[in-house]
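What the coordinates show
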Amino acid sequence: QLASREFQAETRTIKIGDLTIGGNTKNTILIGGPCSVESLDQIQESARLIKSQGLTTLRGGCYKPRTSPYSFQGLGLEGLKLLAQMREEHGLKVITEVRDATHVDEVIEHSDIIQIGAKAMYDQGILRACAKINKPVLLKRGFGTTLQEFVQAAEFILSGGNHQVILCERGIRTFETKTRFTLDLCGVAYLQEHTNLPIILDPSHALGYRYGIEKLAKACVAMGIDGLLIEAHPDPSVAKSDAAQQLTHEQFIELKSAISPVAASV
Ligand code: PEP
Ligand code: MN
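Please read these numbers as outputs of a predicted model, since none were measured by experiment. (Residues numbered from 1 in each chain as written. Chains lettered and ligands numbered in written order. Predicted model: local features only at pLDDT ≥ 70, side-chain atom pairs only at ≥ 80, totals over all residues. Heavy atoms only, no water.)

1. Regarding the coordination of the manganese ion (ligand 2)
Donor atoms from the polypeptide that bind the manganese ion (ligand 2) are C35 (SG), H205 (NE2), E231 (OE) and D242 (OD), placed at 2.1 to 2.3 Å. Spacing between the donor residues of the manganese ion (ligand 2) along their common chain follows C-x169-H-x25-E-x10-D. One end of the pair, C35, is in the loop between β3 (29-33) and α1 (40-52); the other, D242, is in the loop between β10 (227-231) and α9 (249-259), and 207 residues separate them in sequence. (Donors = N, O, S within 2.8 Å, 3.2 Å for Na, K, Ca; no water. Helix = DSSP H or I, 4+ residues; strand = E, 2+ residues; numbered from the N terminus.)

2. Observations regarding the site of ligand 1
All residues adjacent to ligand 1 are C35, R59, K64, E97, Q115, G117, A118, K140, R170, H205 and E231. Side-chain polar atom of R59 to an oxygen atom of ligand 1: 2.8 Å apart, as the coordinates give it. Between an oxygen atom of ligand 1 and a side-chain N or O atom of K140, the distance comes to 2.8 Å. Protein chains bury 95% of the 290 Å² of accessible surface belonging to ligand 1 in isolation. When each cavity is represented as a set of grid points, ligand 1 is found to reside in the largest pocket. In terms of residue class, the shell around ligand 1 is made up of 2 nonpolar, 3 polar and 6 charged. (Near = heavy atom within 4 Å. Polar contact = N/O pair within 3.5 Å; in protein donor to acceptor, adjacent residues only side chain to side chain. Areas by Shrake-Rupley, 256 points an atom, 1.4 Å probe, with all protein chains shown as cover. 1 Å grid on protein atoms, 1.4 Å probe; cavity = no way out; pocket = protein on both sides within 12 Å on 5 of 7 lines; lining within 4 Å. Sits in = over half its atoms within 2 Å of the grid points. Nonpolar A, V, L, I, M, F, W, Y, C, P; charged D, E, K, R; others polar.)

3. A short note on the pairing of strand β5 (residues 93-98)
Counting buried residues along β5, 6 of its 6 residues qualify, which places the element largely inside the surrounding structure. Relative to β5, strand β4 (residues 57-59) is paired through 3 bridges, and the arrangement is parallel. Paired with L58 across the two strands is V94, which belongs to β5. Bridge count for β5 against strand β6 (residues 113-116) is 4 bridges, and the pairing is parallel. Paired with I95 across the bridge in β6 is I113. (Buried < 20%, exposed > 50% of the residue type's maximum accessible area, 1.4 Å probe, protein only. Pairing = 2+ DSSP bridges.)

4. What to know about the packing of α1 against α9
Following both chains from N to C, one finds α1 and α9 inclined at 20°, their axes separated by 11 Å at the closest point. The angle between α1 and α9 places the two elements in the roughly parallel class. Between α1 and α9 lies a crossing whose hand is right-handed. Facing E45, S46, L49 and I50 of α1, the residues of α9 in contact are H249, F252 and I253. Looking at the contact of α1 with α9, its residues break down into 4 nonpolar, 2 polar and 1 charged. (Axes fitted to C-alpha atoms, helices over the stretch in contact; angles between N-to-C directions. Parallel < 35°, antiparallel > 145°, perpendicular 65-115°, else oblique. Left-handed = near helix turned anticlockwise from the far one by under 90°. Contact = heavy atoms within 4.5 Å.)

5. Structural notes on the nonpolar core
Within the largest apolar cluster, 62 residues are counted, with the highest numbers of intra-cluster contacts made by L58, I116, L139 and L228. When residues of this core are assigned to their parent elements, the largest contribution, 7 residues, is made by helix α5 (residues 147-159). Once you skip the residues sitting within four places of it in the chain, L228 turns out to touch I29, L30, I31, I200, L201, P203, A217, C220, V221 and I259. Grouped together as the second largest cluster of nonpolar side chains are 13 residues, I21, I31, I113 and I166 included. (Core = buried A, V, L, I, M, F, W, Y, C linked by side-chain atoms within 4.5 Å.)

6. Some points on the layout of surface pockets
The calculated volume of the largest pocket comes to roughly 360 Å³. Lining the largest pocket we find 19 residues, and of these P65, K119, R170, R180 and H205 sit closest to its centre. Roughly 280 Å³ of internal volume is contained in the second largest pocket. As for the second largest pocket, its lining consists of 18 residues, of which K26, Q192, G224, I225 and D226 are closest to the centre. Residues belonging to the lining of the second largest pocket are distributed by class as follows: 7 nonpolar, 7 polar and 4 charged. (Points joined across faces, edges and corners; volume = space filled by probe spheres on them.)

7. Let's talk about the pairing of strand β1 (residues 13-16)
Burial along β1 is one-sided: I14 and I16 are buried, while T13 and K15, pointing the other way, are not. From the end of β1 to the start of strand β2 (residues 19-22), which pair antiparallel, there are 2 residues, and G17 there has a positive phi angle of about 60°.

8. What about the side chain of S46?
Along the chain, S46 turns up in helix α1. Taking the relative accessible area as the measure of exposure, S46 reaches 1% and is therefore buried. Those residues in contact with S46 that lie beyond four places of it in its chain are P34, L58, P234 and H249.

9. A few points about the pattern of salt bridges
According to the stated counting rule, one finds 9 salt bridges in the structure shown. K64 is the salt-bridge partner of E97, the closest N and O atoms lying 2.8 Å from each other. Of the two residues, E97 sits in strand β5 while K64 sits in the loop between β4 and α2 (77-90), which places them 33 residues apart along the sequence. Side by side, E97 and K64 carry an identical accessibility label, which is buried. (Salt bridge = Lys/Arg side-chain N within 4 Å of Asp/Glu carboxyl O.)

Pasting the structure below:
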């Protein structure tokens, strides 16, 4: 299988312009930004934060996979255009998620890394569309997905011709209800041992609360992972999605300096 260490011993290297993910670089890329793109002002502030921290990649969802149809669903194409504007104005790379196959082409066109969300990772229309492109794909693990199913979903993209797949652990559902999900670091150790794909961890969605994100980020980096995905919002109290887990910009800056000593480079 293409994702296995038997097929290729070395971790794959993914290059986006001057940015390298995985391989032997031992880089830990820190991707930050809000859960959802909400307005020009909001995403401008987020882009300025990322730029001011010397980082390269801004996240922000435009098609949000909400559990209720009455919650904010994202700005859609208007949000993608705001991200494209941030890419132009600040020279940043952008990552945004695809929720279903109807807008997969739009997302592919407007982003530098395509995020396939935890709830979307079984959608074969999305997997097959992402197999045909020449852009990196961040594939999130579903919260009820076994490691085997997760790697098999990645194989759909790899075997279809796109070799630029990044795995993302974002927490799985266990019996525990005090935290939103459970970050599966054992699963990460398994994926590091058996697969050749770069791994990015998302402690924000796993814990679901701001308070422990910095400590979790340090634990993740100590495992020698390839990157972190962290949600931060200029004013989390008014965030339209995932308000409880998004860091303030001050907390994001603190997190970055807290992981710097454990990371080879951030
Ligand atoms: C997100 O990144 O905002 C998101 C919805 O993530 P997940 O698909 O992991 O729930
Ligand atoms: Mn979110």
